[in-house]
Amino acid sequence: MSERPAAVRAPPARPILRRTALVGAAAGAAGVIACAALCVTPLGALAIALAAGGGVIAWFAGAHIWVGALAVVALTGGWVWVWRWSVRAKARAASKGKHE
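Description of the structure in this document.

1. Concerning helix 2 (residues 64-89)
Move 1: Between its first and last C-alpha atoms helix 2 spans 38 Å; for 26 residues at 1.5 Å apiece the expected length is 38 Å, and the two agree.
Move 2: Two residues or fewer after helix 2 comes Lys-90, characterised by a positive phi angle close to 55°.

Structure (C-alpha cells):
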C-alpha cells in the first residue's frame, strides 16, 4: 500500500501582514474616493452654475416688458427731478454758461 502524502499546510498568517494589507486597501480606497470627488466636483459645479445662469437669463427674458417699463419710469422721473430742481433754483441749462 502506498501512503498518502501529508496535507500541505499554509504557514500561519502573521497579524502584522493582515493589518498592513487592510491599511493599504483602506488608503487605496480613500485615495480613489478623494480623486473621484476632486475630479467630479468641478464638473458638477460648472453644470450647476450653467444651469443657474440659464435660469437667470430666462427670468430676464420673461421680465423684458416690465423691466423696460420700469426703465422708462425711472428715466422720466429723473428728468422731472432735474426740471423741478432747475425751476426752483432758477437755473439755466448747463449748455448756456457765462462765457457765451
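Further notes follow.
2. Topic: a nonpolar patch on the surface
Move 1: Nonpolar side chains collect at one region of the surface, where Val-56, Trp-59, Phe-60, Trp-66, Val-67 and Leu-70 lie side by side and expose about 630 Å² of accessible area between them.
Move 2: Mapped by element, the contributors of at least two residues to the nonpolar patch are helix 1 (15-62) and helix 2.
Move 3: Within the element layout of this structure, Val-56 appears in helix 1.
Move 4: Judged by its relative accessible area of 44%, Val-56 is partly exposed.

How each quantity is defined
Residues numbered from 1 in each chain as written. Predicted model: local features only at pLDDT ≥ 70, side-chain atom pairs only at ≥ 80, totals over all residues. Heavy atoms only, no water. Helix = DSSP H or I, 4+ residues; strand = E, 2+ residues; numbered from the N terminus. Expected span 1.5 Å × (residues − 1). Patch = residues over 30% accessible without salt bridge, like charges linked within 9 Å, V, L, I, M, F, W, Y side chains within 5 Å. Areas by Shrake-Rupley, 256 points an atom, 1.4 Å probe, with all protein chains shown as cover. Salt bridge = Lys/Arg side-chain N within 4 Å of Asp/Glu carboxyl O. Buried < 20%, exposed > 50% of the residue type's maximum accessible area, 1.4 Å probe, protein only.

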